[in-house]
Amino acid sequence: VVARDWWKSAVVYQVYPRSFMDGNGDGVGDIPGIRQRLDHLEHLGVDVVWLSPVYRSPMDDNGYDISDYYDVDPLFGTLEDLDGLIEDLHARGMKLVMDLVVNHTSSAHAWFEESRSSRDNPKRDWYWWRPPRPGRTGGEPGAEPTNWGSVFSGSAWAWDEATGEYYLHIFAESQPDLNWENPEVRQAVYSMMNWWLDRGVDGFRMDVINLISKVTVPGSPGLLDGEVGGNGGPINTRVYGDQGPYVLNGPRVHDYLQEMHREVFAHRPAGLLTVGETPATSVDQARLYTDPARAEVDMVFQFEHVDLDSGPQGKWDIVPMTVRDLKESLFRWQEGLAEAGWNSLYLGNHDQPRLVSRFGDDSPEHREASATALATMLHLLRGTPYVYQGDEIGMANTPLPDISHCRDVESINAYQDLLDAGLPPEEAMGRIRHKSRDNARTPVQWDDSPHAGFSTADPWLPASPDHATVNVAAQVGVAGSVLEHHRALIALRHEEPVVVHGETVPVLADHEQVVAFVRRHEGRELLVVVNASSEDGVVADVPDAEAWASAELVLCNRASPSHDGFVLGPWEARVHRR
Ligand code: TEU
């Protein structure tokens with residue numbers, strides 16, 4: 001019998017298909033490529049694969065702009081390839097979770113093409129169409145229905161000359177927002193989800209699912225201007241207004257998710273997983289999304305810890321982040337979802353810079369130790385860990401000499417914005433280099449051969465030069481490698497109930513370099529102590545140190561502890577059990 005909450009003991013691995021493995025030699029990763037590399041996933045021991053979008057798409061946002069939910073894009077293969085992948089994964093005891101992108105479609109989706117064809121088309125109301133501001137001429141700057149900025153720069157409204165109205169796009173112009181107020185839209189989404197589940201997929205990662213309910217007020221345009229210059233969570237406002245308060249965690253979002261649960265999940269057997277991506281969501285809101293009694297989603301990706309290095313002007317306003325800030329945030333979430341709800345645990349994904357470069361130290365001296373230290377911290381918290389492809393071998397940010405090396409629509413637009421705001425090109429590029437999503441999108445480094453064993457052709461985004469030393473082949477079976485350390489952490493979660501169910505008790509909360517906590521469950525205790533700095537000789541004066549020092553050492557990210565007692569070397573991590 002499968003428990004409803006089976007995913008509490010699971011580890012999820014994210015595959016970004018474009019960059020995982022190229023099976024047909026065109027420089028772009030694909031589904032046949034994924035099928036060639038399943039030994040790697042099985043060796044790691046992960047339970048679930050979350051596959052970023054492989055649906056038909058013009059690829060303006062690498063597949064997060066979907067033009068057909070019922071087919072696979074030829075770039076990635078065929079539906080048969082996907083069926084084969086599901087079969088292969090199931091045969092190896094792994095599950096497949098698909099990306100569900102339903103806040104918006106591509107503007108090339110048939111629904112949008114119908115919707116834009118005329119003002120009285122039956123699908124007109126499937127999207128957010130609004131007239132220009134009263135007294136203004138459509139298409140001229142400032143005539144947009146609201147002052148909202150798009151996450152990918154510029155206005156969130158695009159002018160449609162043919163029908164004389166604007167449509168809303170929170171993301172790129174080619175990603176129009178679906179109107180979830182319309183019950184037909186919701187039913188179309190639920191049917192599509194049911195179709196995929198019937199086909200054998202094991203759940204969904206729901207893209208920006210907390211954006212589906214917008215605040216509306218009576219009258220036309222029925223939407224309100226946002227504050228100019230504030231920090232709208234994921235939104236970068238400059239001359240545009242902050243749409244955050246009107247689109248994030250809106251008034252009907254919980255109704256919609258509960259309806260989705262009834263229509264799609266309620267009557268299916270256990271064994272599925274749902275995770276909502278929810279930027280700018282507080283612990284209290286996350287509890288509402290994930291409390292099983294409310295039947296919405298199993299867990300959410302919250303953004304607080306990945307927003308710590310963003311200043312008041314948003315993502316590209318980069319500010320320093322301390323270990324204490326990080327701990328304060330992580331522990332507050334541990335506590336907030338201790339009684340009801342569940343955490344997802346992540347430090348990186350396809351939208352974030354590489355975790356070892358951001359939270360660790362990617363210099364050759366400290367890269368491995370910081371990658372394993374951070375993994376130790378993450379995997380042993382309470383929640384479901386997510387490993388983004390390449391993080392299991394400690395892949396770092398990639399050199400992006402200038403903007404011509406970037407492929408991501410967000411980075412390319414943001415660079416222009418930064419120049420327009422008066423930044424010198426080198427300063428603008430410095431910020432892009434730091435946070436560009438392209439950092440996480442270079443090919444997985446399988447070996448030291450040309451293109452890192454990812455492809456026989458020039459990849460769509462070049463492999464990082466460090467693939468000569470940082471690669472899967474160099475780490476498999478090598479004791480102490482980043483890969484084998486991940487494997488040990490995953491195995492520990494599978495074996496040790498305290499990792500799954502234990503409460504989390506923060507230790508040394510005020511320490512400036514050390515992250516430490518105790519996990520407790522049914523008389524069993526685990527102590528996790530991590531030096532989150534490149535400094536040597538850091539004293540972690542944990543309570544009850546003597547007893548802990550003589551307790552079993554379950555894991556350490558070096559061959560043996562570097563000093564006696566709880567004195568730690570750079571990025572040293574230890575796990576004791578009693
Ligand atoms: O991301 C949504 C989101 O809010 C961010 O991660 C955003 O991409 C980032 O903050 C920009 O700075 C999801 C997907 O994960 C992302 O790849 C898509 O581009 C986006 O939605 C639109 O579908």
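Criteria and cut-off values
Residues numbered from 1 in each chain as written. Predicted model: local features only at pLDDT ≥ 70, side-chain atom pairs only at ≥ 80, totals over all residues. Helix = DSSP H or I, 4+ residues; strand = E, 2+ residues; numbered from the N terminus. Rg over C-alpha atoms; globule rule 2.2 N^0.38 Å. Buried ≥ 20, exposed ≤ 12 C-beta atoms within 10 Å, placed from the backbone. Contact = placed C-beta atoms within 7 Å. Axes fitted to C-alpha atoms, helices over the stretch in contact; angles between N-to-C directions. Left-handed = near helix turned anticlockwise from the far one by under 90°. Nonpolar A, V, L, I, M, F, W, Y, C, P; charged D, E, K, R; others polar. Arc of directions from axis to C-beta. Domains from an automatic or database assignment. pLDDT = per-residue confidence, 0-100. Pairing = 2+ DSSP bridges. Expected span 1.5 Å × (residues − 1). Core = buried A, V, L, I, M, F, W, Y, C linked by C-beta atoms within 7 Å. Parallel < 35°, antiparallel > 145°, perpendicular 65-115°, else oblique.

Peer 1: Is there a simple way to explain the overall build of the chain in this structure?
Peer 2: The secondary structure content of the chain amounts to 16 helices and 24 strands. In terms of overall dimensions, the chain is globule-like: its C-alpha atoms have a radius of gyration of 24 Å, near the 25 Å expected for 578 residues. Overall, the chain is about 75 × 55 × 50 Å in size when its C-alpha atoms are taken along their principal axes. Burial status across the chain gives 54% buried among its 578 residues. Sequence separation of 24 or more characterises 65% of the internal contacts of the chain that already satisfy a separation of 6 or more.

Peer 1: Sorry, what's going on with the packing of helix H12 (residues 409–420) against helix H13 (residues 425–435) here?
Peer 2: Packed helix pairs are characterised by how far apart their axes lie and by the angle those axes make with each other. Remark: H12 packs on H13, axes separated minimally by 9 Å, with the N-to-C direction vectors making an angle of 145°. In the packing of H12 onto H13, the handedness of the crossing is right-handed. Contact with H12, carried on its side by Ser-411, Ala-414, Tyr-415, Leu-418 and Leu-419, involves Pro-425, Ala-428, Arg-431 and Ile-432 of H13 and no other residues of that element. For the contact of H12 with H13, the residue count by class is 7 nonpolar, 1 polar and 1 charged.

Peer 1: Sorry, what's going on with helix H8 (residues 283–290) here?
Peer 2: Residue pairs three or four apart in sequence face the same way in an α-helix, which turns once every 3.6 residues. Among all positions in H8, only Ala-286, Tyr-289 and Thr-290 are buried. Seen end-on, H8 carries its buried residues on one side only, within an arc spanning 80°. Against the buried residues of H8 lie strand E12 (273–277) and strand E13 (299–301).

Peer 1: Mind showing me how you'd approach the domain arrangement of the chain here?
Peer 2: Interfaces are often sized by the amount of accessible area the parts lose when they come together. Along its sequence, the chain is organised into domain 1 (401–435) and domain 2 (503–577). Its C-alpha centre places domain 1 at a distance of 40 Å from the equivalent point of domain 2.

Peer 1: What is the right way to look at the confidence of the model for the chain in this model?
Peer 2: Note: predicted coordinates in regions of low pLDDT should not be interpreted at a detailed level. In this model, the chain carries an average pLDDT of 96, and 98% of its residues clear a pLDDT of 70 or more. Counting interchain partners and residues more than four positions distant, the pLDDT-below-50 stretch residues 231–235 has 21 contacts. Both scores are given for the predicted complex: the pTM is 0.97, the ipTM 0.97.

Peer 1: Just checking my understanding: could you explain the environment of Phe-359 for this structure?
Peer 2: Summarising the element assignment, Phe-359 is placed in the loop between helix H10 (355–358) and helix H11 (367–379). Separated by 38 residues in sequence, Phe-359 and Met-321 have C-alpha atoms that sit 8.7 Å apart. Sequence-distant contacts of Phe-359, that is, excluding residues within four places in its chain, are made with Leu-347 and Leu-374.

Peer 1: Would you mind showing me how to read the environment of Thr-290 here?
Peer 2: One can find Thr-290 in helix H8. Of the residues examined, Thr-290 has 24 C-beta atoms within 10 Å and is grouped as buried. Spatially, the C-alpha atoms of Thr-290 and Ala-340 are 7.5 Å apart, while their sequence positions differ by 50 residues. Leave out the neighbours within four places in its chain, and Thr-290 touches Val-297, Asp-298, Met-299, Val-300, Leu-337, Gly-341 and Trp-342.

Peer 1: I would appreciate a short explanation of the sheet that holds strand E22 (residues 552–556) in the present structure.
Peer 2: The strands making up a sheet are joined through hydrogen bonds of the backbone, oriented either antiparallel or parallel. Strands sit in the order E18-E19-E20-E24-E22 across an open sheet of 5 strands; the sheet is antiparallel. The outermost strands of the open sheet, each flanked by one partner alone, are strand E18 (503–507) and E22. Direction aside, the axes of adjacent strands within the sheet are offset by 20° on average. Relative to strand E24 (residues 573–577), E22 runs antiparallel, the two being bridged by 4 bridges. Bridging from a neighbouring strand, Glu-552 pairs with Arg-577 of E24.

Peer 1: How should I be thinking about the sheet that holds strand E7 (residues 157–160) in this particular structure?
Peer 2: Strand order in this open sheet of 3 strands is E6-E8-E7, and the pairing throughout is antiparallel. Only two strands of the sheet have a single neighbouring strand rather than two, namely strand E6 (129–130) and E7. Of the pairings in the sheet, the one linking E7 to strand E8 (residues 165–168) comprises 4 bridges and is antiparallel in character. Bridging across to E8, Asp-160 finds its partner in Glu-165.

Peer 1: So what exactly am I meant to see when it comes to helix H9 (residues 323–336) here?
Peer 2: Along its 14 residues, H9 runs 20 Å from first to last C-alpha, staying within 8% of the 20 Å computed at 1.5 Å per residue. Turning to H9, its buried residues number three or more, namely Leu-326, Lys-327, Leu-330, Trp-333 and Gln-334. In an axial view of H9, the angular spread of the buried residues amounts to 135°, which keeps them on one side of the axis. If you follow the buried residues of H9, they end up packed against H8, E18 and strand E19 (514–521).

Peer 1: Before we go on, may I ask you to explain the nonpolar core in this structure?
Peer 2: By size, the foremost hydrophobic cluster in this structure holds 146 residues, and its most contacted members are Val-49, Ala-516, Val-528 and Val-530. Here this core gets 7 residues from one element, more than from any other, and that element is H11. Setting aside chain neighbours within four positions, we find Val-49 in contact with Tyr-13, Val-15, Leu-41, Leu-89, Met-94, Leu-96 and Val-97. Formed by 9 residues, the second largest nonpolar core is a distinct cluster that contains Trp-316, Leu-400, Ala-414 and Ala-428.

Peer 1: Help me out: how do you make sense of the pairing of E8 in this one?
Peer 2: In the case of a regular strand, side chains alternate between the two sheet surfaces. A two-sided burial pattern is seen for E8, the buried positions comprising Glu-165 and Tyr-167 on one face and Tyr-166 and Leu-168 on the other. One ladder, built from 2 bridges, connects E6 with E8; its direction is antiparallel. Bridge pairing in E8 places Arg-130 opposite Tyr-166. Between E7 and E8, which pair antiparallel and follow one another directly, the connecting turn spans 4 residues, one of which, Gly-164, has a positive phi of 65°.

Peer 1: How should I be thinking about the packing of helix H5 (residues 183–199) against helix H7 (residues 253–265) in this particular structure?
Peer 2: Look at H5 against H7: their axes get within 10 Å of each other, and the N-to-C directions meet at 45°. With respect to H7, the element H5 is oriented oblique. Relative to H7, the crossing made by H5 is right-handed. In contact with Arg-186, Tyr-190, Met-193 and Asn-194 of H5, H7 contributes Tyr-256, Glu-259, Met-260, Glu-263 and Val-264. A class-by-class count of the residues in the contact of H5 with H7 yields 5 nonpolar, 1 polar and 3 charged.

Peer 1: Looking at this model, I keep getting lost on unusual backbone geometry. Mind explaining?
Peer 2: Where the residue is not glycine, phi is negative for most of them; where a peptide bond is considered, it is trans in most cases. With phi around 60°, Ala-452 is a residue other than glycine that occupies positive phi space. Looking at the secondary structure, you find Ala-452 in the loop between H13 and helix H14 (482–495). For Ala-452, a count of 26 C-beta atoms within 10 Å corresponds to the buried category. Phi at Asp-544 is positive, roughly 65°, even though this residue is not glycine. With respect to the helices, strands and loops of the structure, Asp-544 is situated in the loop between strand E21 (538–539) and helix H16 (545–550).

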